[in-house]
Amino acid sequence: MTVSHGPARECWILIGLLVLTFALRLALLNQYVESPYFLPLGWDPRAYDLWAQAIAAGHWTDGQAFHQPPLFPFLLAGFYAVVGRDFYVIFLLQGVCGALSAMLLYVLGRDVFRDRRVGILAALGWCFHGLGAFYTLKLLSETSFILLSLVLVWALYRATARATPWRWLGAGLLLGLSVAMKPNMILFLPLAVLHRVLSGAGPRLRRWRDAVLCVAATIAVILPILLYNRSAEGEWVFISWNGGGNLYSGNNLQAQGLPEPLPGVSQDRLWRPIDERRVVGRALGVPAPRAGQIVGYWSGLARAYMREHPGSFALLLVQKLRLALSGMENFHMYWLAHERERFTPLLALFPVTFYQILPLSLVGLLATLPRWRRYLLLYGVIAVTFATLLIFYVLTRFRVPAEPFLLLFAAYALVRLWPWTGPEADMPDVMDVTDAASAVGSSRESAATPTPAAVPRARLLGLLAVFALCSAMMYAEDRDRFPGRAGIVEFNLAELLFDQGKLTEAEQAYTAATLLNPHDFYPALGVCKLLLVRHGLPAALRAYTVFYPYMNEDLRRDFLRDETLAAMWPGIERINAAMSQRAAADSRRMD
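Here the residue numbering is sequential within each chain, running from 1 through the sequence in written order. Totals for whole chains, interfaces and linings use all residues, but because this is a predicted model, local features are given only for residues with pLDDT of at least 70 and pairs of side-chain atoms are given and counted only at 80 or more. Computation of side-chain values covers all heavy atoms of the structure but excludes hydrogens and water.

Some details on the overall build of the protein
Rule in force here: Working definition: helices are DSSP H or I runs of at least four residues, strands are E runs of at least two. Numbering for both runs from the N terminus. Between two residues, a contact is recorded if the distance between any of their heavy atoms is within 4.5 Å. All accessible-area figures derive from a Shrake-Rupley calculation using a 1.4 Å probe, and residue coverage is judged against the displayed protein chains alone.
Within the protein, the regular secondary structure consists of 27 helices and zero strands. By sequence separation, contacts in the protein at least 24 residues apart represent 77% of the contacts at least 6 residues apart. In the form shown here, the protein has an accessible surface area of approximately 26100 Å², with 65% of it arising from carbon and sulfur atoms.

Examining unusual backbone geometry
The residue R114 is not glycine, and still its phi comes out positive at about 60°. Looking at the secondary structure, you find R114 in the loop between helix 4 (87-112) and helix 5 (116-127). In this structure, I239 takes a positive phi of about 60° despite not being glycine. Its place among the elements puts I239 in the loop between helix 10 (204-233) and helix 11 (243-250).

A word on helix 13 (residues 291-308)
Put simply, the rule is: Each residue after the first adds 1.5 Å to the expected span of a helix. The rule is simple: take the accessible area with a 1.4 Å probe, protein chains only, and divide by the maximum for that residue type; under 20% is buried, over 50% is exposed, in between is partly exposed.
Look at helix 13: 26 Å from first C-alpha to last across 18 residues, which is about the 26 Å you get at 1.5 Å a residue. Within helix 13, burial applies to A291, I294, W298, S299, A302, A304 and Y305. The inward-facing, buried residues of helix 13 abut helix 10, helix 11, helix 12 (272-284) and helix 14 (310-325).

Quick word on a nonpolar patch on the surface
Filter applied, for reference: For patches, a residue must show more than 30% relative accessible area and have no salt bridge; joins then use 9 Å for like charges and 5 Å for nonpolar side chains, namely Val, Leu, Ile, Met, Phe, Trp and Tyr. Take a side-chain nitrogen of Lys or Arg and a carboxyl oxygen of Asp or Glu: if they are within 4 Å of each other, that pair is a salt bridge.
A contiguous nonpolar surface patch, about 390 Å² in accessible area, is contributed by I219, L223, L227 and W236. Looking at where I219 falls in the secondary structure, it is placed in helix 10.

Comments concerning the packing of aromatic side chains
Here is the rule: Whether two aromatic rings pair depends on their centres lying within 6.5 Å, for rings of Phe, Tyr and Trp, where Trp uses its six-membered ring; planes under 30 degrees apart make the pair stacked, over 60 edge-to-face, and the rest tilted. Two conditions define a charge sitting above a ring: the NZ of Lys or the CZ of Arg must be within 6 Å of the ring centre, and it must be within 35 degrees of the ring normal.
Evaluation of the coordinates by the stated rule reveals 25 aromatic pairs. Centroid distance Y48 to F72: 5.1 Å. Interplanar angle 75°. Geometry classified as edge-to-face. Highlighted residues: Y48 in helix 2 (residues 43-56) and F72 in helix 3 (residues 71-82), separated in sequence by 24 residues. Using a relative accessible area of 6% as the deciding quantity, one classes Y48 as buried. One aromatic cluster is present, built from ring pairs that chain together W51, W60, F66, F74 and Y228. Geometry around F354 places R399 over its ring, the cationic atom sitting 3.7 Å from the centre. The ring centre of Y548 lies 4.0 Å from the NZ or CZ of R556, which sits over that ring.

Focus on the pattern of salt bridges
Summed over the entire model, instances satisfying the criterion amount to 23 salt bridges. Residue E233 pairs with R277 through a salt bridge whose shortest N-O separation is 2.8 Å. Separated by 44 residues along the polypeptide, E233 in helix 10 and R277 in helix 12 bring together distant segments of the chain. One exposure class covers both E233 and R277, and it is buried. The closest approach of N and O atoms between E403 and R399, which form a salt bridge, is 3.3 Å. By relative accessible area, which is 2% here, R399 ends up buried.

A word on the packing of helix 11 against helix 13
Here is the rule we go by: Lines fitted to the C-alpha atoms define the axes, with helices restricted to the stretch that makes contact. Angles between their N-to-C directions range from 0 to 180 degrees. Under this scheme an angle from 65 to 115 degrees is roughly perpendicular, one under 35 degrees roughly parallel, and one over 145 degrees roughly antiparallel; angles in between are oblique. We call a crossing left-handed when the near helix sits turned anticlockwise from the far one by less than a right angle, and right-handed when that turn is clockwise. Classes in brief: Ala, Val, Leu, Ile, Met, Phe, Trp, Tyr, Cys and Pro nonpolar; Asp, Glu, Lys and Arg charged; the others, Gly included, polar.
Running from amino to carboxyl end, helix 11 crosses helix 13 at an angle of 25°, the nearest separation of the two axes being 7 Å. Judged by the angle between their axes, helix 11 and helix 13 are roughly parallel. As helix 11 packs across helix 13, the resulting crossing turns out to be left-handed. Taking contact as the criterion, the partners of G244, G245, L247 and Y248 in helix 11 are, on helix 13, V295, W298, S299, L301, A302 and M306. The residue makeup of the contact of helix 11 with helix 13, split by class, is seven nonpolar, three polar and no charged.

So, the environment of V265
Note on placement: V265 falls in the loop between helix 11 and helix 12. Residue V265 is classed as buried on the basis of its relative accessible area of 5%. Placed ten residues apart in sequence, V265 and D275 show a C-alpha to C-alpha distance of 5.1 Å.

Section: the confidence of the model for the protein
Segments scoring low in pLDDT should not have their predicted coordinates read at a detailed level. Stated precisely, the cut-off is as follows: Note: pLDDT gives the predictor's confidence per residue, expressed from 0 to 100.
Summarising the model, the protein shows a mean pLDDT of 85, and 90% of its residues fall at 70 or more. Per-element confidence in the protein is highest for helix 4, whose mean pLDDT is 95, and lowest for helix 20 (residues 443-448), whose mean pLDDT is 37. Predicted confidence for residues 424-451 stays below pLDDT 50, and this span has 60 contacts to residues more than four positions away or in other chains.

A few points about the nonpolar core
Rules: Working definition of a nonpolar core: buried Ala, Val, Leu, Ile, Met, Phe, Trp, Tyr and Cys residues. They are joined through side-chain atoms within 4.5 Å.
One finds F113, V153, L156, F188 and L378 to be the most contacted residues of the largest nonpolar core, which totals 130 residues. In terms of nonpolar packing, the next biggest core, distinct from the first, is built from 18 residues, L525, F547, L565 and I575 among them.

What to know about helix 22 (residues 486-499)
Across its 14 residues, helix 22 extends 20 Å between first and last C-alpha, which sits within 8% of the 20 Å expected from 1.5 Å per residue. For helix 22, the tally of buried residues reaches twelve of 14 residues, placing the bulk of the element in the interior. Among all positions of helix 22, only A486, G487, V489, E490, F491, N492, L493, A494, E495, L496, L497 and F498 are buried. Buried residues along helix 22 sit against helix 2, helix 15 (336-342), helix 23 (503-516) and helix 24 (523-535).

Observations concerning the packing of helix 9 (residues 189-198) against helix 10
Two measures define how a pair of helices packs: the angle their axes make with one another and the distance between the axes. Packing of helix 9 against helix 10 brings their axes to within 8 Å, and their N-to-C directions diverge by 160°. Classified by the angle their axes make, helix 9 and helix 10 are roughly antiparallel. Two packed elements cross with a definite hand, and for helix 9 against helix 10 that hand is right-handed. Contacts between helix 9 and helix 10 involve L189, V193, R196 and V197 on the former and, on the latter, R206, R207, W208, D210, A211, V215 and T218. The class makeup of the residues in the contact of helix 9 with helix 10 is six nonpolar, one polar and four charged.

Side note on the side chain of T136
Examined against the element boundaries, T136 turns out to sit in the loop between helix 6 (130-134) and helix 7 (142-161). The residues contacting T136, other than those within four sequence positions of it, are R25, F91, Q94, G95 and T143.

Structural notes on the environment of L139
Within the secondary structure, L139 is located in the loop between helix 6 and helix 7. Spatially, the C-alpha atoms of L139 and L76 are 9.2 Å apart, while their sequence positions differ by 63 residues. Those residues in contact with L139 that sit more than four places away from it in its chain are P40, P45, Y48, D49, F72, L76, Y80, F87, I90 and F91.

Set out below in structure tokens:
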């Protein structure tokens, strides 16, 4: 009697991928604890941390609509309540999420592409993916969302293969959670419905029933958030109200594809909601504008720009697409290359980049088009991610969720292009995503439909050469474009070092930030803090007087917000008032 080794082999592959991916991330984390970035005290991580602490302490809301999507802070708060505020354990769990993501990539590659090699290559690609490992070390939602989106797609394929009402309800619940973490995933809902309706698996009435169950479960998850926002603001707000400002941030006359600061609004997530209400209230003549009014104001400005400057907007879309496809890292808070060179050299163990996988991914996408219905869900996550970048603005952090799915197509392209590979004969049919999903209607209609012809290998090689050349040209052109933003990263580093009491290192970072970007006067804030701590109040106020003529209103306001400078606030207000009176007097004399 012959004994099948299929299940045992699958088990060992899954365990091997899990252990390898997690072991690499664990080694990285153990080095990362020595980095100043280990304590998430700046920007979005600080906002998430404070929000989660408030929730864990019983303050579930602040009585206002959610400014940012709430799922990740609530998950973080649940962790704080159970385990405590232990960042090492949090990043450890995010490493587990990364390892589970690699396992799911293997399963999707094996079962959707019907080839175990595709799954293994995709999983190994994620195991050594630079940004995939990098963001497991950040108190951000990207790692959790990637795992959630992979589970969602896996659940949808499973529900299609063996349709039951409970499976479709479960898939809808997962989709609702995805929307609660990343609201742009609402764009994925029509694709999930279309996938089920076009699957050809089961009677048409059952397919529509399953689609309705999926939609109903999705709504059931997000409806409590919508109802809370309405009760807090008196009008409907979809998930969070930061979308209007983000839309205008990426679509205005000064926009170049990356986020532009909103006029009069701090980039600090803690102060941004307050500033948005103040700025919009002043513009609308309303003392306390509601969230819907704020969204409408910024969205209206963005739409006005698109309508009044169609040529500029068209060029902006081209620039966004170019940045989205560029191999360079478009950073804002964290820069992988900076941390690898300065603090975490083990990041060099993760050499896989978007620049490398993009040409192969494009080849794989084109090679799968003849059977596009089977891969519709995978296309969908990629399409939603890139559509979001084009609608708002481009940051590498927001592109990362599409990269695991691009890895699947890159792996498929490798299998197709490798000269001595043939079809895998012992492929177990674990998830029966049948070719009926490639035809619409009954089995008789499917039988009458010819099987789509595969794209010849020679043509795929030619396409790979073209895509690789274009990607290399973009990379070469952009290579020297973004180091100018390194001043922002140095300033953020200086703030972290100062908060950790490392004053000498903070002074060096403030100096580096000034040298990298001489037109950015935010490092002046850091210089005043250092002088206040080291030499006392008079020295700090003298420095503020020197910096005053070069600062804008936003920077002067931020000086009065930094609690470290509280001792300077009365003196700063006197200097501001005196300088304003002097400027007014000079203006009258000029007249």
